[in-house]
Amino acid sequence: VRLGRLINTESAAKLRTQLTRSVVLALRELMRQTQPDNHSRDLAAYISLALEEIYQTAETSVAAWEKKGYWVKADRFRMDWEWATRYASSMRSALVNEDWAGVAMTAAQIAQKLMNVDVPLRHKLGTPWEGAWEQLRKAQQA
């Protein structure tokens, strides 16, 4: 039996694009909130978790370039996405401490970074933030 070449259609770049679009949607929803509640916690937690995952996709891309010896390109790309892990940590810290002013400030900074991300009107992203607060709390305890 001869097998063909296995092609991964879910690239890191594609996942990063989906995640950035979902973060933009979550930011829009978070900005509409008038009072902090469980929905606000889910949104802020999702933003934090998604930004961490975005940075991990950047690391995946960088690893492939480093194997080929593209050190400068890899370092530049890593530096371009370093903000994601920094803001994820800031958002998580503000959320855990119930610092809603800090959440709003970090959300504004993230929105500024992602202002060029276009989310189509007919997106298929749904509401991936549902249950994110509980997931963040479990990750915090582990």
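Position labels on residues start from 1 in each chain and follow its written sequence. Where local features are concerned, this predicted model is filtered to residues with pLDDT of at least 70; where side-chain atom pairs are given and counted, the filter is 80 or more; whole-chain, interface and lining totals use all residues. Hydrogens and waters are ignored; side-chain quantities use all the structure's heavy atoms.

Numbering of helices and strands starts at the N terminus; helices are DSSP runs of H or I of at least 4 residues and strands are runs of E of at least 2. For the chain, the helix and strand inventory stands at five helices and zero strands. Taking the principal axes of the C-alpha coordinates as reference, the chain spans close to 60 × 35 × 35 Å. Each residue gets one of three labels from its accessible area relative to the maximum for its type: buried under 20%, exposed over 50%, partly exposed in between, using a 1.4 Å probe on protein chains only. Burial status across the chain gives 36% buried among its 142 residues. The contact definition used throughout considers only heavy atoms, calling two residues in contact when any of these lie within 4.5 Å. Within the chain, contacts between residues separated by at least 24 positions form 73% of all contacts whose residues are at least 6 apart in sequence. Residue burial considers only the protein chains on display, and all accessible areas are found by Shrake-Rupley using a 1.4 Å probe. Accessible surface, the chain: about 9300 Å² in total, of which carbon and sulfur atoms supply 51%.

Between two packed helices, both the angle of their axes relative to each other and the distance between the axes serve to describe the pair. Remark: helix α1 (residues 12–31) packs on helix α4 (residues 100–113), axes separated minimally by 10 Å, with the N-to-C direction vectors making an angle of 140°. Between α1 and α4, the interaxial angle falls into the category oblique. When you trace α1 past α4, the crossing you get is left-handed. Contacts between α1 and α4 involve V23, L27, L30 and M31 from the former and V103, A104, A107, A108, I110 and A111 from the latter. Its residues assigned to classes, the contact of α1 with α4 shows 10 nonpolar, no polar and no charged. Here an angle of 0 to 180 degrees is reported between the N-to-C directions of two axes, which are lines fitted to C-alpha atoms, with helices fitted over the stretch in contact. Our angle categories are set so that under 35 degrees counts as roughly parallel, over 145 as roughly antiparallel, 65 to 115 as roughly perpendicular, and the remainder as oblique. Crossing handedness follows the turn of the near helix against the far one: under a right angle anticlockwise gives a left-handed crossing, and clockwise gives a right-handed one. Here the term charged refers only to Asp, Glu, Lys and Arg, the term nonpolar to Ala, Val, Leu, Ile, Met, Phe, Trp, Tyr, Cys and Pro, and the term polar to all other amino acids, Gly among them.

pLDDT is a per-residue confidence score from the predictor, ranging from 0 to 100. Looking at the chain, pLDDT values average 89 and 93% of them are 70 or higher. Element-level pLDDT for the chain is lowest in helix α5 (residues 132–141), with a mean of 86, against a maximum mean of 95 in α4.

Core analysis: the biggest nonpolar cluster contains 38 residues, and V23, I47, L51, W83 and I110 have the highest contact counts within it. Listed by contribution, the elements that provide at least two residues to this core are α1, α2 (38–67), α3 (71–96), α4 and α5. If you tally residues by element for this core, the top one is α2, at 12 residues. Dropping the residues within four chain positions of it, I47 is found in contact with V23, A26, L27, L30, M91 and I110. Here the nonpolar core consists of buried residues drawn from Ala, Val, Leu, Ile, Met, Phe, Trp, Tyr and Cys, with membership extended through side-chain atoms lying within 4.5 Å.

This brings us to the packing of aromatic side chains. Two rings belonging to Phe, Tyr or Trp (six-membered ring only in the last case) form a pair when the distance between their centres is within 6.5 Å. Interplanar angles under 30 degrees mark stacking, angles over 60 mark edge-to-face geometry, and anything in between is tilted. Counted under the stated rule, the structure contains five aromatic pairs. Between W65 and F77, the ring centres sit 4.9 Å apart and the planes meet at 85°, which makes this aromatic pair edge-to-face. Taken together, the positions of W65 in helix α2 and F77 in helix α3 put the pair 12 residues apart, joining distant regions of the chain. Taken together through their ring pairs, the aromatic side chains of W65, F77, W81, W83 and Y87 make up a single cluster. Its guanidinium or amino end placed over the ring of Y87, R86 lies 5.2 Å from that ring's centre, counting from NZ or CZ. Think of it as a cone above the ring: NZ of Lys or CZ of Arg counts as a charge over the ring if it is within 6 Å of the ring centre and within 35 degrees of the ring normal.

Throughout this description, the term salt bridge denotes a Lys or Arg side-chain nitrogen within 4 Å of a carboxyl oxygen of Asp or Glu. Here the structure, examined in full by the defined rule, presents eight salt bridges. As a salt-bridge pair, R78 and E66 come within 3.2 Å of each other at their nearest N and O atoms. Within this pair, whereas R78 is found in helix α3, its partner E66 is found in helix α2, the two being separated by 12 residues in sequence. By relative accessible area, which is 21% here, R78 ends up partly exposed. A residue is classified by how much of its surface remains accessible, and E66, at 23% relative accessible area, is partly exposed. Among the ionic pairs, R86 bridges to E82, the shortest N-O distance being 2.5 Å. Here E82 and R86 lie together in helix α3, a separation of four residues that amounts to about one turn.

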